[in-house]
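Understanding the architecture of this molecule
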Amino acid sequence: MTVVVIDPGHGGDNLGGHTDEFIEQELTLKVANVMYDRLKQYDDVEVYLTRDNNTDPDLSRKDRAKIAADHNADLFISLHFNMSENHDLYGAEVWTSAFGEYYEKGASFASIVMDSLHGELGFFDRGIKTRIGDDGTDYYGIIKYGTELNIPSVIIEHCHMDESRDYDFLHEHGEDSYTILGQADADCVAKYFRLSSSSLGLDYSSYEAPVLSAYEPVLPDDTAPETCEIELLDADTVSGTALVRMNASDSDSIIQYYRYSLDGGVSFTKLLPWNDDIEAGQSCEKDNVNASIELAPGKESELIVRVYNRYDKYTDSNLIVLPAAEIKEQETETAQSADSVDEDDLKASEYDEIVAVPGELGAAKGSYNGLLISGAAIVICIAALLTVILVLVSSSRRRKKRKRRRRY
Ligand SMILES: [Zn+2]
């Protein structure tokens, strides 16, 4: 009999991450409940939750691991949703122990989860990762205490609640999001333990879980990418695009995002995927990616590329100057008139703005007048209605009086 303990992250007064829209403790509980119900439908498996509401006091990570140990869990899974300090990171990640068979089992299960979150549901693959604390043991409490109690333990960070490429999924699917994620997580467990379900009509008895060697754990990367160099391959000033070769390397991690600046590093684009087919856990020493970058019309740009590794540490490239895009005919006219603007014109345009203000006030007055007119119309209508009612009431009274007279 396989035993699985599911831990819905956070709870009680510990909300976890929260945005105006999402509260992590609620999301993790919704996904956990679906995962629990789905997994219960498989044969030969016992499933437990560390918590089933958001009102009981928050459990410590140690207590959560103890619950898993009390049930003799074969796998302990903590469910989470992510957020980043600058609200710019996106994608799914799975954390596991860095040590021995706990790495081997955790990373094997995590590979199945990443196939599901990235391969099937389309979230960006931020990797299967380990993190080690100052004392040399696993950094995350769930994994540290779980491992100490001899249970392979993983943390699933499904996606980021504060980045549009991730929360678009939650918007698109609404409440169904948690059903989709919970069922997917349950099926990953079923695959890993080769479970079958007659009620669901699913049979994973011959599923081959990826085998990861305990001797080559993926260790955390505390250093930024070693190199990031850029080179202009081609610039087409007519169409306004440049082809830039970006060469970046990180010997103990991989490059996963990049962003660029056209103003010498003052402002940057949002994060972009470095390479769309990054394999989970892959490590590479050299990587080239060509990027097509739009040239600014009429002025040169100072391009800097910033590359990020799996641990979100970044390195900036050298600066290269990109030529200006040719100004198209329509733009030439505006550019010429802009060139010919002298001080008097500037004053005139400033003045235009000032005189535009009373215009706006006028518009506001106009709508105020409109309000007055519609108000008057309403008053007239009410008066007309009242008159009609009065006439009707008095006529019915007269009729009743007549009726009464007839009876007597
Ligand atoms: Zn969390």
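This section reports on the structure supplied with the text. (Residues numbered from 1 in each chain as written. Predicted model: local features only at pLDDT ≥ 70, side-chain atom pairs only at ≥ 80, totals over all residues.)

A word on the overall build of the protein chain. Counting its regular elements, the protein chain contains eight helices and 16 strands. Counting the 408 residues in the protein chain, one finds 35% classified as buried. (Helix = DSSP H or I, 4+ residues; strand = E, 2+ residues; numbered from the N terminus. Buried ≥ 20, exposed ≤ 12 C-beta atoms within 10 Å, placed from the backbone.)

The packing of two helices is summarised by the inter-axis angle and the distance between the axes. Following both chains from N to C, one finds helix 3 (residues 100–120) and helix 6 (residues 176–192) inclined at 140°, their axes separated by 9 Å at the closest point. Comparing the axis directions of helix 3 and helix 6 gives the class oblique. Relative to helix 6, the crossing made by helix 3 is right-handed. For the pair helix 3 and helix 6, the contacting residues are Phe109, Ile112, Val113, Ser116 and Glu120 in the first and Ala184, Cys188, Lys191 and Tyr192 in the second. Across the contact of helix 3 with helix 6, the residue classes break down as six nonpolar, one polar and two charged. (Axes fitted to C-alpha atoms, helices over the stretch in contact; angles between N-to-C directions. Parallel < 35°, antiparallel > 145°, perpendicular 65-115°, else oblique. Left-handed = near helix turned anticlockwise from the far one by under 90°. Contact = placed C-beta atoms within 7 Å. Nonpolar A, V, L, I, M, F, W, Y, C, P; charged D, E, K, R; others polar.)

What follows deals with the sheet that holds strand 13 (residues 287–294). With antiparallel pairing, three strands are arranged side by side in an open sheet as 9-10-13. Edge positions in the sheet fall to strand 9 (227–236) and strand 13, since each of these pairs with one other strand and no more. This sheet shows a mean twist of 20° between the axes of neighbouring strands, independent of strand direction. As paired strands, strand 10 (residues 241–249) and strand 13 are joined by eight bridges and run antiparallel to one another. Across the sheet, the residue bridging to leucine 243 is serine 292, located in strand 13. (Pairing = 2+ DSSP bridges.)

Okay, the pairing of strand 11 (residues 255–261) next. For a regular strand, the rule is simple: side chains alternate between the two faces of the sheet. Strand 11 sits mainly inside the fold: five of its seven residues count as buried. Pairing analysis gives six bridges linking strand 11 to strand 14 (residues 301–309), with the strands arranged antiparallel. Paired with tyrosine 260 across the two strands is valine 305, which belongs to strand 14. The sheet contact formed by strand 11 and strand 12 (residues 272–273) spans two bridges and is antiparallel. Within the sheet, the bridge partner assigned to tyrosine 258 lies in strand 12 and is leucine 272.

This part covers the sheet that holds strand 6 (residues 153–160). Taking strand neighbours across the sheet as the criterion, the six strands line up as 2-1-3-6-4-5 in an open arrangement whose pairing is mixed. One side of each edge strand has no neighbouring strand; the edge strands of this open sheet are strand 2 (45–49) and strand 5 (125–129). For this sheet, the mean inter-axis angle between neighbouring strands, taken without regard to orientation, is 15°. Sheet topology places strand 1 (residues 2–8) next to strand 2; five bridges connect them, and they run parallel. Its bridge partner being in strand 2, valine 4 is matched across the sheet by valine 47. The strands touched by helix 3 within the sheet are strand 3 (75–82), strand 4 (92–96), strand 5 and strand 6, with strand 4 carrying the most contacts at an inclination of about 170°.

Closest axis-to-axis distance for the helix 2 (residues 61–70)/helix 4 (residues 141–148) pair is 8 Å, and the angle between their directions is 40°. With respect to each other, helix 2 and helix 4 are oriented oblique. Like other packed secondary-structure pairs, helix 2 and helix 4 cross with a definite hand, here right-handed. Facing Arg61, Lys62, Arg64, Ala65 and Ala68 of helix 2, the residues of helix 4 in contact are Gly141, Ile142, Tyr145 and Gly146. Considering only residue class, the contact of helix 2 with helix 4 consists of four nonpolar, two polar and three charged.

Our next topic: unusual backbone geometry. The phi angle at asparagine 150 is positive, at roughly 65°, despite the residue not being glycine. Structurally, asparagine 150 can be placed in the loop between helix 4 and strand 6.

What follows concerns the nonpolar core. If you look at the biggest cluster of nonpolar residues, it comprises 80 residues, and the most contacted ones within it are Val4, Val94, Val113, Val189 and Val305. Counting only domains with at least three residues in this core, you end up with domain 1 (2–203) and domain 2 (227–329). Not counting chain neighbours up to four residues away, the residues in contact with valine 189 comprise Val4, Leu39 and Leu75. (Core = buried A, V, L, I, M, F, W, Y, C linked by C-beta atoms within 7 Å. Domains from an automatic or database assignment.)

What follows covers the environment of histidine 158. Position of histidine 158 among the secondary structure elements: in strand 6. Note on histidine 158: 29 C-beta atoms within 10 Å, which makes it buried. Spatially, the C-alpha atom of histidine 158 lies 5.0 Å from that of alanine 92, the residues being 66 residues apart in sequence. Look past the residues within four positions of histidine 158 in its chain and what remains in contact with it is Phe81, Ala92, Leu117 and Leu181.

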